[in-house]
Amino acid sequence: MELNLSRVDYLQVGVTSQKTTKLFPGAVGKTQRIVVGDQDGLLQCLQMKKGDAQVIFKAVSPKGITRVELGGPVGGARERVFLSTGSEIKGFTKKGKNFLSFDTNLSEPIQSMFVEGADLFTCGNYVYNHYKDCKDTNYFLSADKISDVLCLPMEKNDDITPVLACQDRVLRVLQDAELLYEVEVPGPPVVLQLYGKEADHGYGGICYNEENRLKVPFPICYGEEGNEILYGTSDGRVGLVQIGRMQNLNE
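Residues numbered from 1 in each chain as written. Predicted model: local features only at pLDDT ≥ 70, side-chain atom pairs only at ≥ 80, totals over all residues. Heavy atoms only, no water.

**Observations regarding the side chain of Arg-67**
Tracing the chain through its elements places Arg-67 in strand β5 (residues 65-71). By relative accessible area, which is 1% here, Arg-67 ends up buried. Side chain to side chain, Arg-67 and Asp-148 meet in a polar contact 3.0 Å long. Ignoring anything within four residues of it in the chain, the contact list for Arg-67 reads Gln-18, Lys-19, Thr-20, Phe-82, Leu-83, Ser-84, Gln-111, Ser-112, Met-113, Ser-147 and Asp-148. (Helix = DSSP H or I, 4+ residues; strand = E, 2+ residues; numbered from the N terminus. Buried < 20%, exposed > 50% of the residue type's maximum accessible area, 1.4 Å probe, protein only. Polar contact = N/O pair within 3.5 Å; in protein donor to acceptor, adjacent residues only side chain to side chain. Contact = heavy atoms within 4.5 Å.)

Structure, rendered in structure tokens:
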């Protein structure tokens, strides 16, 4: 079967970095919004209406945007936008109001970031920092370059468990400021994603209820224990690992 595809341009943006495009949570009867940040420092939020892209809000930063993440209450919908630019983190509501401007005073620019409730996890090339309510809590110096960071979902895990993807073909699992253990993978990991975590929000999607004929949201699944992580490598491999508190459980 052959598919005839054609290109359609909805919005022009500048050069973008890894993980600077995010899809907002879905709502019944409404089109999902998209937010994208570029290396010119421009953040744009848009929504499709009648086939056209309508810009909801724009925000400009003096430096390029290196990461965009969605955040919200632990276990709830992720409807707040967080971006990293230089050593600063900014936060915006879904309507574009700037509610956070936090300068980490780090010596190197933030390259990767993750948000979980009131916790911010940031990484430069080699240094990981954990902030709780914008207060520096933990610090870790990696043995090799860090490509990505995430934290296991707190609604499924009692402890804060950050995971670093590092260029030496290793996933480093942390506890506070200490290395808990390492997971070797077949290639240099460049991206991490919680398994089953669709669109970075607290709902897995919309299902159709035959009984009352309504579309209802159903909860997201992060694996049975909330500890399954997908990784992608620079040589084109994709893998799934299950993270335990003392060692990786499966790969």
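What follows picks up the thread again.
**A few points about the sheet that holds strand β14 (residues 162-166)**
Pairing is antiparallel across the open sheet formed by four strands, whose spatial order is β13-β14-β15-β16. Each edge of the sheet is formed by a strand with only one pairing partner; in this case those strands are β13 (146-151) and β16 (178-184). Across this sheet, the average inter-strand angle for adjacent strands is 25 degrees, counted without regard to direction. Across five bridges, the pairing between β13 and β14 is antiparallel. Counterpart to Cys-151 in the pairing with β14 is Pro-162. (Pairing = 2+ DSSP bridges. Axes fitted to C-alpha atoms, helices over the stretch in contact; angles between N-to-C directions.)

**Re the confidence of the model for the chain**
Considering every residue of the chain, the mean pLDDT works out to 86; 86% of them sit at 70 or more. Confidence drops under a pLDDT of 50 for residues 197-221, and excluding neighbours within four residues, the segment shows 55 contacts in the predicted structure. (pLDDT = per-residue confidence, 0-100.)

**A closer look at the packing of aromatic side chains**
Aromatic ring pairs are reported here in terms of the distance separating the ring centres and the angle at which the planes meet. With the rule as written, the count across this model stands at three aromatic pairs. An angle of 80 degrees between the planes, with centres 5.2 Å apart, marks the rings of Phe-102 and Tyr-131 as edge-to-face. A residue pair is termed long-range when its members are at least 10 positions apart, and Phe-102 in strand β8 (residues 98-103) and Tyr-131 in strand β11 (residues 127-132) qualify at 29 residues. Here the guanidinium or amino end of Arg-80 rests over the ring plane of Phe-99, the centre of that ring lying 4.3 Å away. (Phe/Tyr/Trp six-rings, centres within 6.5 Å; stacked < 30°, edge-to-face > 60°. Lys NZ or Arg CZ within 6 Å of the ring centre and 35° of its normal.)

**Thoughts on unusual backbone geometry**
The phi angle at Cys-134 is positive, at roughly 65 degrees, despite the residue not being glycine. Secondary-structure assignment places Cys-134 in the loop between β11 and β12 (135-141). On the basis of relative accessibility, which here comes to 30%, the residue Cys-134 falls in the partly exposed class. In the Ramachandran plot, Arg-169 falls in the positive-phi region, its phi being about 65 degrees despite a non-glycine side chain. The exposure class of Arg-169 is partly exposed, given its relative accessible area of 43%.

**So, the pattern of salt bridges**
In the structure shown here, the tally under the stated rule is eleven salt bridges. Across the pair Lys-94 and Glu-79 runs a salt bridge whose closest N-O atoms are separated by 3.8 Å. With Lys-94 in the loop between β7 (88-92) and β8 and Glu-79 in the loop between β5 and β6 (80-85), the pair connects residues that are 15 residues apart, well separated along the chain. Its relative accessible area of 31% is what places Glu-79 among the partly exposed residues. (Salt bridge = Lys/Arg side-chain N within 4 Å of Asp/Glu carboxyl O.)

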